[in-house]
Amino acid sequence: MAIDSKVVAQVAHLACLQVDDNETAALSERLNDILAMVDQLQQADVEGVAPLAHPLDVSQPLRDDQVTEPDVRERVMPIAPAIEEGCFLVPRVIE
Amino acid sequence: MSWETVIGLEVHVQLATASKLFSASSTRTGDEPNSNASLIDLAMPGTLPVVNREAIRHAIRFGLAIDAEIGRRSVFERKNYFYPDLPKGYQTTQLAEPIVGAGVVDLQLEDGTRKSVRIHHAHLEEDAGKSLHEAFSDETGRAMTGIDLNRAGTPLIEIVSEPDMSNAEEAVAFARKLHAIVTSLGISDGDMSQGNMRFDVNISVRRPGEPLGTRTETKNLNSFRFMEKAIKLEVERQIDVLENGGEVVQETRLYNGETNTARAMRSKEDANDYRYFPCPDLLPVLVSEEEINELRDALPELPDARKARFVEAYALSEYDAELLCADLATAAYFEAAAKQGGDAKLAANWVMGELTARLNADDIGIAQSPVSAEHLGELIQRIKDGTISSKIAKQVFDACWAGEGSPDQIIESKGLKQMSDTGELEKIVDDIIANHPAQVEDYRGSDDAKRKKKIGFFVGQAMKATQGKANPQQLNQLLQQKLNG
Amino acid sequence: MHTKTLTELRAGLAAREFSSRELTEHFLRRIRQFDGELNSLITVTEEQALAQADAADATLARGEGGLLTGLPVAHKDIFCTEGVRTSCGSRMLDNFIAPYTATVVEKMAAQGAVMLGKTNMDEFAMGSSNETSFYGPVKNPWDQERVPGGSSGGAAATLAARLTPAATGTDTGGSIRQPAALNGVTGLKPTYGRVSRWGMIAFASSLDQAGPMGLSAADCALMLGAMAGHDDKDSTSLDEPVGDYLNDLNQNLEGLRIGVPEEFFPDTLDGAIAESSREALRELEKQGAKLVPLSLPSIKLSVPAYYVIAPAEASSNLSRFDGVRYGHRCDDPVDLLDLYKRSRSEGFGEEVKRRILVGTYALSAGYYDAYYRRAQQVRRLIRDDFARAFAEVDVIMGPTSPETAFKIGAKVDDPINMYMADVFTIAVNLAGLPALSMPSGFVNGLPVGTQVIGNYFQEGRILNVAHRYQLATDWHQRIPGAFA
């Protein structure tokens, strides 16, 4: 399943990565190498095999409904790139 | 040729838990921005989610209430997209294996017919934070959006209906019924003004017999009234587009209740490939038979059962009972008022009439009503025992609404008690007859049919003189006796 | 002091041969002396280390103390440490002062460990050579023109150079074991869920596991005892009792069944490397173990399965780095999309971006079944292969890496070749099993490692096997000449 520059651009957009036009050709070549390697998976006989998401067959532990998390603003606000009145700032979003 | 409308709903219901779905931070609203956003909610690197048991149990309660299959095994997945109110860059939700499977909700419509709306499934997911668009700017003065993540991670169930509704009224009836169910269960406060219950409406139109048309989604409707208007508006728009030879574009639309207009959303339009996959930080949630049985046994009375009981116990019509059961607070209010007042029919009329009108006019919920159920019960008692007339009762209700005290206090302090002393009333009637000879002569010269109308003048005069406190029946009798002589 | 193992240093502290302060100062001096060249540490926390050492000395003076009291340790810079930069080897987090501390770090501190600093690593643990670090490549102490392996390459190199007596690492596809092998040190990847992932910056959540790296199996046992255990904050950490790893070390190996998969000794494998591992097997046979030839047919697909699953999970895990709440943010974004795209593209290096793109593609509509779902199916086949094998044997062994340390720059333009460095280690992560790499010889003056894989929660058993081997050999005691 080879991908071209156009697909690379689409995928980069989905992943919010900026790929310049002069990079896409080289990048798609690299990605095609990886995908070609990964395509060995198509040889596997997986008929009737259930996907395995976690190595161990265990279930989700559940937490009691109690508020125990502290207010961490004093710790996190100083490392934020842009804040005002306790909010994180981003360029104006129009819905 | 006519058009058929096809409507399906996606309803987000915020669950009433103390802590969030995946973190132990508070779900409280109204606090300082980001003060209830934990390291997990902020998506700090290295943080991990842990599931809130009560959120799972609330979702199961909902499933049991709509007779749905409960997912013995449900799986959280990641829905990937970038948005500033979504700190992890994905929403943790459920897709292939939701906690609640297919179910059904029965509706009673105004015209007396019944309708079933199928529920496709309901799943658990986390809410996003809030984008605040006002008053933020960067150092160069450029307009910015502020992000408050207090709401991020709050548990929701998203209830997805089949496209079983064919007009705005049915959609609203369905929405009301869901509201009644979740509030009766106590799994949500259902407060739409706070966005705790929000509706996304999928709408398409088609010619009868033709395949489904292209649908649009109108998002985040947070009142029944707006929902009804938005649906009507969108149906009209689609028909208009089609009748003018155009095509309906699949899009997400935002409705503005103030202007009763809608427009296509600009953002999120290219985030259409969400790359769902099972969340590797979470394991499958398993629910045991014992837990399901325990929750089923402990379910509170549900709206349909309550409605049946109201019809039976209070001799109400099906429709009245449905309306009173529209939410738990209304039903409880009615029952308390009926019990204290000793007259269910009167209580029903007052709750659906005067009270609802006043609540709507002031745009508040029944829980915020200044006239409590006890007050209304007391008022009904006073009507029933003849202390006040229905007309005076409205005046007492108004004063009670304005916070002037309990009905008994108001009746007392304003001297609104009905005149029961016949002698006093007789004197007033005599005075009126003596002071209006022309009208008396006119009355006496009329036939029976005309007299019935003309007596109104004397009643009016008497009411004016007694400030409305005369017992209308008694007054009528006395007037007829004196005038007919 | 630096030639001693952690276990020996612990005894020395207990016997008051030296204080924790002396020990800590000694290693800090060595770091100052050697690390300028080696580049094995991103951050040295000298002040904090000395304060912790003084506190440890006070504890020891009272006759108290935990498993690690007063012992210096270097943490991989993937573990969040409150108040200390936690970069994950990335420009994205170059300015990130973690607001909280990882469970692993906290648990080791609770046992009295002294943190010397944070070790260099491949960016976001994505790499097998430590060349993808924003902070520059780490050099292999055995030959400074060569890589230390990765992604815990800084940890392995700093240990081999005796700049620290203990280190933590993380292993998603071999990131503890491969650098351990390439530097002549011992490293253990525990069972998935054995050690909490809270505070460990995620690469691929269903594969990541933290573990100890040290100069011997005994040192790893000592550290694992402090690191392991259930954590309420990590849903995938398991509520299994923590073994008495130190006590298990000395069991004899009489009757031990060692599985030797043919797939770990392919014809294409470097003969000298194969011979090193076969020699290790012969030594264990001498001690009473039996070798059982076996086959794990599905593991030939472990590299392709891994290079779908790991990038897919990573593409999602790394979405949180958006320049909004922490980390790198581009200058003057014109709009939201510009903020995202430039912050992420400036903050992430080439390999990280490549893997994000592969993962995004593998999860995207139309390809999910062909890639992600299929990879998860293959993952089950691999797990089942191991399950069948462990019905017959106690441990499985083979070479850790198909090659010794390669030259810096030799593979940077050939990612596929680089990925193959992990061909023997990756299947273990997909199956979630515990595995250890121990030094088993040298080829052309460069260390070679042999891997010991155990069944779930059999960390005690594989540490025991490695310990018995190390009692009979001295490969793990060799020190690169320049750092003696």
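Treat the numbers as computed from the prediction; the structure is a model and nothing was measured.

Trainee: In this structure, what is going on with helix 10 (residues 302-317) of chain C? I would like to understand it.
Mentor: One turn of an α-helix holds 3.6 residues; hence residues three or four places apart share an orientation. In a regular helix each residue adds 1.5 Å, so 16 residues correspond to 22 Å; helix 10 of chain C covers 21 Å between its end C-alpha atoms and thus fits that length. For helix 10 of chain C, the tally of buried residues reaches 16 of 16 residues, placing the bulk of the element in the interior.

Trainee: Looking at this model, I keep getting lost on helix 14 (residues 448-466) of chain B. Mind explaining?
Mentor: Residues and elements named next belong to chain B. Compared with the 27 Å implied by 1.5 Å per residue over 19 residues, the 27 Å span of helix 14 between its first and last C-alpha is a close match. Turning to helix 14, its buried residues number three or more, namely Arg451, Ile455, Phe458, Ala462, Met463 and Thr466. The inward-facing, buried residues of helix 14 contact helix 12 (422-435), helix 13 (437-444) and helix 15 (472-484). Positive backbone phi, at 55°, marks Gln467, one or two positions downstream of helix 14.

Trainee: Could you clarify how one ought to interpret the interface of chain A and chain C in this entry?
Mentor: Contacts between the two partners involve 50 residues from chain A, matched on the other side by 67 residues from chain C. Across the contact surface, chain A and chain C share two salt bridges. The partner of A:Arg30 in a salt bridge is C:Asp413, with the nearest N and O atoms 3.4 Å apart. Summed over the shared surface of chain A and chain C, the number is 20 residue pairs in polar contact (both at pLDDT 80 or more). Of all the elements in the fold, those that place two or more residues in the side of chain A that touches chain C are helix 1 (5-14), helix 2 (21-38), helix 3 (73-76) and strand 3 (87-91) of chain A. Broken down by element, the side of chain A that touches chain C gets its largest block of residues, eight residues, from helix 2 of chain A. For the side of chain A that touches chain C, the class distribution of residues is 37 nonpolar, seven polar and six charged.

Trainee: Just to check I follow, could you spell out the interface of chain B and chain C for this structure?
Mentor: A common way to state how big an interface is: give the accessible area lost once the parts meet. Chain B puts 32 residues into the contact, and the matching count from chain C is 41 residues. Carbon and sulfur atoms supply 60% of the area buried between chain B and chain C, which totals about 3000 Å² over both sides. Counting every contact that joins chain B to chain C gives one salt bridge. For the side of chain B that touches chain C, the secondary-structure elements that each account for two or more residues are strand 4 (76-80) and strand 15 (277-278) of chain B.

Trainee: Where do I start with the UniProt feature "active site" (unreviewed entry) in chain C in this structure?
Mentor: All names here are of chain C. What UniProt calls "active site" (unreviewed entry) maps, in this numbering, to Lys76, Ser151 and Ser175. The greatest C-alpha distance among the residues just named is 11.1 Å, despite their covering 100 residues of sequence, which places them together in space. Residue placement: Lys76 occurs in strand 2 (residues 72-76). Under the relative-accessibility criterion, Lys76 is labelled buried at 0%. Sequence-distant contacts of Lys76, defined by excluding residues within four places in its chain, comprise Lys118, Thr119, Met121, Ala125, Ser151, Ser152, Thr168, Gly169, Thr170 and Ser175. Tracing the chain through its elements places Ser175 in the loop between strand 4 (166-171) and helix 6 (177-183). Relative accessible area serves as the criterion here: at 6%, Ser175 is assigned to the buried category. Here Ser151 takes part through its side chain, which lies 2.8 Å from a polar atom of the side chain of Ser175.

Trainee: Would you explain the environment of B:Tyr276 in this entry?
Mentor: By the element assignment, B:Tyr276 lies in the loop between strand 14 (261-264) and strand 15. Along the chain, B:Tyr276 and B:Arg28 lie 248 residues apart, while their C-alpha atoms are 29 Å from each other. When neighbours within four sequence positions are excluded, B:Tyr276 is seen to be in contact with B:Glu77, B:Arg78, B:Lys79, B:Thr93, B:Leu95 and C:Tyr368.

Trainee: For this particular structure, what's the right way to read the side chain of B:Glu10?
Mentor: Residue and element names in this part refer to chain B. Tracing the chain through its elements places Glu10 in strand 1 (residues 4-14). A polar atom in the side chain of Glu10 sits 3.2 Å from the side chain of Asn202. Filtering out sequence-adjacent residues up to four positions away, Glu10 remains in contact with Glu158, Ile159, Val160, Arg198, Phe199, Asp200, Asn202 and Glu217.

Trainee: When you look at the pairing of strand 11 (residues 197-206) of chain B in this model, what are you seeing that I'm missing?
Mentor: Looking along a regular strand, one sees the side chains alternate between the two faces of the sheet. Residues and elements named next belong to chain B. The buried fraction of strand 11 amounts to nine of the ten residues, a majority that puts the element mostly inside the structure. In terms of strand pairing, strand 1 meets strand 11 through ten bridges, oriented antiparallel. Across the sheet, residue Val13 finds its bridge partner in strand 11, namely Met197. The sheet contact formed by strand 11 and strand 12 (residues 216-221) spans four bridges and is antiparallel. The residue bridging Asn202 from the neighbouring strand is Glu217, located in strand 12.

Trainee: Looking at this model, I keep getting lost on empty space enclosed by the protein. Mind explaining?
Mentor: Empty space left among the atoms is revealed by rolling a probe the size of a water molecule over them. Going through the model one piece at a time under the given rule, you end up with seven cavities of 30 Å³ or more. Taken as a whole, the largest cavity spans an internal volume of roughly 160 Å³. Lining the largest cavity are 20 residues; nearest its centre among them are B:Phe22, B:Ile40, B:Asp41, B:Lys88 and B:Glu126. Grouping the constituent residues of the lining of the largest cavity by class yields nine nonpolar, four polar and seven charged. Of the volumes computed, that of the second largest cavity is approximately 70 Å³. Forming the boundary of the second largest cavity are B:Pro45, B:Gly46, B:Thr47, B:Asp281, C:Ile201, C:Ala202, C:Asn317, C:Leu318, C:Arg320 and C:Phe321.

Trainee: Can you help me understand the pattern of salt bridges in this one?
Mentor: It is possible for side chains bearing opposite charge to pair when their charged atoms get close. Counted by the stated rule, this structure contains 69 salt bridges over all chains. Taking the shortest distance from any N to any O, the salt bridge between B:Asp430 and B:Lys482 comes out at 3.0 Å. Placement of B:Asp430 in helix 12 and of B:Lys482 in helix 15 is noted, with a sequence separation of 52 residues between them. Here C:Asp338 makes a salt bridge to C:Arg342, at a shortest N to O gap of 2.9 Å. A residue pair is termed a helical-turn pair when its members lie 3 or 4 positions apart in one helix, as C:Asp338 and C:Arg342 do in helix 11 (residues 336-347) at four residues. Under the relative-accessibility criterion, C:Asp338 is labelled buried at 15%. Connected through salt bridges with shared partners, the residues B:Arg114, B:Lys177, B:Asp304, B:Lys307, B:Glu318 and B:Glu322 form a single ionic network.

What counts, and where the lines are drawn
Residues numbered from 1 in each chain as written. Chains lettered and ligands numbered in written order. Predicted model: local features only at pLDDT ≥ 70, side-chain atom pairs only at ≥ 80, totals over all residues. Heavy atoms only, no water. Helix = DSSP H or I, 4+ residues; strand = E, 2+ residues; numbered from the N terminus. Expected span 1.5 Å × (residues − 1). Buried < 20%, exposed > 50% of the residue type's maximum accessible area, 1.4 Å probe, protein only. Contact = heavy atoms within 4.5 Å. Salt bridge = Lys/Arg side-chain N within 4 Å of Asp/Glu carboxyl O. Polar contact = N/O pair within 3.5 Å; in protein donor to acceptor, adjacent residues only side chain to side chain. Nonpolar A, V, L, I, M, F, W, Y, C, P; charged D, E, K, R; others polar. Buried area = accessible area lost by both parts, 1.4 Å probe. UniProt positions renumbered as here; feature names shortened; annotations may be inferred. Pairing = 2+ DSSP bridges. 1 Å grid on protein atoms, 1.4 Å probe; cavity = no way out; pocket = protein on both sides within 12 Å on 5 of 7 lines; lining within 4 Å. Points joined across faces, edges and corners; volume = space filled by probe spheres on them.

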